[in-house]
Amino acid sequence: MSAVTVTEPVGERRQLSDRWPILLFIVRRLAAMVVMLALVSFLVFSLVHLAPGNPVDALLGQKPRTPETVTALTAQFHLDRPFLEQYAIWASGALRFDFGTSIQSGLPVMTQIASRLPVSIALGIFAFLLTMIVGVGLGILAAMRRGRAADRVTTASVVVGLSTPTFVAAILLLYVFAVLLSWFPAYGKGSGGLDTLWHLTLPAIALALGSCAYVVKHTRAAMIDVLDQDYITFARARGMSRTRILLTYSLRNALIPVITISGVVLGGLIVGAVLVEVTFSIQGIGQLLVQSAGAKDLPVIQGVTMLIGVLIISINLCADVIYMLVDPRLRLGRR
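Residues numbered from 1 in each chain as written. Predicted model: local features only at pLDDT ≥ 70, side-chain atom pairs only at ≥ 80, totals over all residues. Heavy atoms only, no water.

*Asks:* I'd like a rundown of a nonpolar patch on the surface, residues and numbers included.
*Replies:* Residues Ile 121, Ile 125, Leu 129, Ile 133, Val 134, Leu 138 and Leu 141 make up a contiguous nonpolar surface patch of about 600 Å² in total accessible area. Looking at the element boundaries, Val 134 is found in helix α6 (residues 109-144). You can call Val 134 partly exposed: its relative accessible area is 37%. (Patch = residues over 30% accessible without salt bridge, like charges linked within 9 Å, V, L, I, M, F, W, Y side chains within 5 Å. Areas by Shrake-Rupley, 256 points an atom, 1.4 Å probe, with all protein chains shown as cover. Salt bridge = Lys/Arg side-chain N within 4 Å of Asp/Glu carboxyl O. Helix = DSSP H or I, 4+ residues; strand = E, 2+ residues; numbered from the N terminus. Buried < 20%, exposed > 50% of the residue type's maximum accessible area, 1.4 Å probe, protein only.)

*Asks:* Kindly report on the pattern of salt bridges, identifying the contributing residues and their values.
*Replies:* According to the stated counting rule, one finds one salt bridge in the structure shown. Among the salt bridges present, the one from Glu 85 reaches Arg 81, with a minimum N-O distance of 3.3 Å.

*Asks:* Can you lay out a positive patch on the surface for me, pointing to particular residues and giving the numbers?
*Replies:* Taken together, Arg 145, Arg 148, Arg 236 and Arg 242 make up a surface patch of like positive charges. Looking at where Arg 236 falls in the secondary structure, it is placed in helix α10 (residues 230-237). (Lys, Arg positive; Asp, Glu negative; His and termini not counted. Charge placed at Lys NZ, Arg CZ, Asp CG, Glu CD.)

*Asks:* An account of unusual backbone geometry is requested, with residue identities and associated values reported.
*Replies:* Unlike most non-glycine residues, Ser 182 shows phi in positive territory, near 55°. With respect to the helices, strands and loops of the structure, Ser 182 is situated in the loop between α8 (166-180) and α9 (194-227). Since its relative accessible area comes to 53%, Ser 182 is described here as exposed. Although it is not a glycine, Ser 281 sits at a positive phi angle of roughly 55°.

*Asks:* Give a description of the confidence of the model for the chain that names residues and reports values.
*Replies:* Any residue range with low pLDDT should be treated as having predicted coordinates unsuitable for detailed reading. A residue-level look at the chain finds 89% of positions with pLDDT of 70 or above and a mean pLDDT of 79. Note on residues 1-8: pLDDT is under 50 here. Beyond four places in sequence and across chains, it has two contacts. (pLDDT = per-residue confidence, 0-100. Contact = heavy atoms within 4.5 Å.)

*Asks:* Account for the environment of Cys 318, naming residues and giving values.
*Replies:* Mapped onto the fold, Cys 318 is located in helix α13 (residues 298-326). Taking the C-alpha atoms as reference, Cys 318 lies 9.8 Å from Ser 262; in sequence the two are 56 residues apart.

*Asks:* So what's going on with the packing of aromatic side chains? Which residues, and what values?
*Replies:* All chains considered together, the criterion is met by eight aromatic pairs. Through successive ring pairs, a cluster of aromatic residues spans Phe 42, Phe 45, Phe 83, Tyr 87, Trp 90 and Phe 99. (Phe/Tyr/Trp six-rings, centres within 6.5 Å; stacked < 30°, edge-to-face > 60°.)

*Asks:* Explain the nonpolar core to me, and be specific about the residues and the numbers.
*Replies:* Core analysis: the biggest nonpolar cluster contains 41 residues, and Ile 140, Leu 207, Val 215, Met 223 and Phe 280 have the highest contact counts within it. Ignoring sequence-local partners within four residues, the contact set of Val 215 consists of Thr 131, Met 132, Gly 135, Val 136, Val 258, Ile 261 and Val 265. In this structure, Val 44, Leu 79, Trp 90 and Ile 315 belong to the second largest nonpolar core, which totals 30 residues. (Core = buried A, V, L, I, M, F, W, Y, C linked by side-chain atoms within 4.5 Å.)

And the structure:
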């Protein structure tokens, strides 16, 4: 009697072998993310002790110094304990999203952040969509019209966009389109819905200008590199339509580097939103950070800075994972 051998299907083995590099990559990136967050949290907590004077003076902000306030702050922030013990207490609270109480308003830090975070997220997503849609579109146009007038104009615009600081673009757009022409609101976040979208349009354009130029530059370079490949020449020789070559062969391969830089672009938009929110008087976390810095409200500064660090690290992790998912060459190379 012959024994029956049960074999695992080849397709399932191949799927498992394809998943392992991705899972291993995610685990490594998560471990690196934990280390980075620990380092960022330590640096953020050290702001209290790095500020001029003693920690009590830094935490007092603009409040008068009295024995009662000194005693209260010493007890609240455990300043009578060793530095590392203070950090451990603060980090355990940060893991629960508890960054203490604002010195200026007396409200919990997370309450203030939560009230301003939605408008900042809306502004960032709006600017990111504008950046990727316009940037990728102009980059493809410049590559397809390489050496012609459209390419020259786009390249010149990229140089101007990369050379213009965000706050300069914001002030210029505010003056021209809100003050002179009155096409857009000059300040505020609106009353919700389409009104908020209308109020955020000009700030989103100002925020997206520099990042859009960055995306145009990389998209154009990636498209030109793909269009010069042999398989594109072979597809043209077979008589394929220009649209099919663009969508089926060129665009899919050219967008892989663009996906890689998308994390950098979104991180830059988060940082740049600070200046744009101040320019257009938008009640977001960027304006909260500037106001807290002016008032020396260190608990709020710590909370907002930590939140921005978490967002940037998480965005880059997602961009790396997406890059590995869409590019099979990377998975095969790692395997």
